[in-house]
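What follows is the residue order along each chain.
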Amino acid sequence: HKIPRFEYVKNFEQPDVLLPNTWIVVRIDGRGFHKLSDHYGFVKPNDRRALDLMNAAAVEVMKELPDLCIAYGVSDEFSFVFHPNCQLFERRNGKLVTTIVSTFTAYYIYKWSEFFPETPLKPPYLPSFDGRAVIYPNAHILRDYMSWRQVDCHINNLYNTTFWHMVLKGGMGNTEAELELKGTVAADKNEILFKRFGVNYNNELEIYKKGTVLYRQYELEEPQATKALEDQQPEGKQSRSQQDKVRKLRRKAQVTVDHVDIIKDDFWERRPWILSGNP
Ligand code: DGT
Ligand code: MG
Ligand code: MG
Ligand code: MG
Ligand code: MG
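Everything numeric here is computed off the predicted structure, so don't read it as measured data. (Residues numbered from 1 in each chain as written. Chains lettered and ligands numbered in written order. Predicted model: local features only at pLDDT ≥ 70, side-chain atom pairs only at ≥ 80, totals over all residues.)

Trainee: Looking at this model, I keep getting lost on the site of ligand 1. Mind explaining?
Mentor: Among the 17 residues in the neighbourhood of ligand 1, the closest are listed as Phe-33, His-34, Ser-37, Phe-42 and Asp-47. Among the secondary structure elements, those contributing two or more residues to the shell around ligand 1 are β1 (23-30), α1 (33-39) and α2 (48-64). Top element by residues in the shell around ligand 1 is α1. It accounts for three residues. Its residues placed into classes, the shell around ligand 1 shows six nonpolar, six polar and five charged. (Near = placed C-beta within 6 Å. Helix = DSSP H or I, 4+ residues; strand = E, 2+ residues; numbered from the N terminus. Nonpolar A, V, L, I, M, F, W, Y, C, P; charged D, E, K, R; others polar.)

Here is the structure:
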């Protein structure tokens, strides 16, 4: 029994370490939420309770994983971003994705009744999420990724807002509305909303137009935080004790829930610690 007869099976496991010194984005997406949202009667096109629940679950993920530096959510998806110097789980793809996806799902279900007190979850309509990790080689491309998601949010929301006004307020059939919107540009949709329904798209809620960005807010006057900033090292060159210090500061920091433009420079310039990873 001393001879390891069975241990050779371990050699079948494939390594899946993500490239060092790259940004890691884990994007999760609700599985079959088209059906699920119908079943639980989500308000069309935007259900505030559903979005707030997504955001609440994502805040818990941010709190459990201090290595995360920012997250962006829209509809049934959330993108979680790790800094290039992140060493969590030795950067193993499977560990990172499954931990985020299961932690998020656990909180989504745990908090469901808080946001939908009248509508208990019941099989077979139980929420689940898929997830994938993508790496990006520099902050510029990472920002383009974030911009891509926010542009998607804007395009879909303008379309959906117009479509559902035409159907629910204008009494049009789904196909009829779809046909009229085919090939229209943003200005056309703004005009339909304004002329037919007296709705100025600019006055729609920011959470619907911009999605949700989560990040840590620091009191930078705090001597500790200032010290951590002074200790700043080039990407990927942090010592173990520095990493621990940074992690501690991140854990203590408040996770802020915001609905603002992340495409322009302003958001990033005001919060340099997000891209510097320090703290
Ligand atoms: P998937 O991701 O391939 O498993 O399939 P789905 O059905 O989740 O499709 P996806 O992720 O492309 O689209 C998200 C769906 O979730 C979309 O059909 C609309 C629905 N949804 C998300 N947020 C809301 C909301 O606030 N209100 C309503 N009524 N529906 C929503
Ligand atoms: Mg999908
Ligand atoms: Mg989905
Ligand atoms: Mg989706
Ligand atoms: Mg274990």
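Trainee: Teacher, can you tell me more about the pairing of strand β2 (residues 68-74) here?
Mentor: Looking down a regular strand, the side chains alternate between one sheet face and the other. In terms of burial, β2 is a largely internal element, seven of the seven residues being buried. Bridging between β2 and strand β3 (residues 77-82) involves six bridges; their strand directions are antiparallel. Looking at β3, one finds that Gly-73 is bridged to Phe-78. Counting the residues that bridge the hairpin from β2 to β3 gives two residues, and of these Ser-75 lies at a positive phi of roughly 50°. (Buried ≥ 20, exposed ≤ 12 C-beta atoms within 10 Å, placed from the backbone. Pairing = 2+ DSSP bridges.)

Trainee: Teacher, can you tell me more about the sheet that holds strand β5 (residues 212-217) here?
Mentor: One key point about sheets: their strands pair by backbone hydrogen bonds, in either a parallel or an antiparallel sense. If you trace the six strands from one edge of the open sheet to the other, you get β4-β1-β3-β2-β5-β6, paired in antiparallel fashion. Since the sheet does not close on itself, it has two edges, and those belong to β4 (129-136) and β6 (254-258), each with one partner. For this sheet, the mean inter-axis angle between neighbouring strands, taken without regard to orientation, is 20°. Seen against the sheet, α2 touches β2, β3, β5 and β6 and runs at an angle of roughly 170° to β2. With respect to the sheet, helix α3 (residues 93-115) is in contact with β1, β3 and β4, its orientation differing from that of β4 by roughly 140°. (Axes fitted to C-alpha atoms, helices over the stretch in contact; angles between N-to-C directions. Contact = placed C-beta atoms within 7 Å.)

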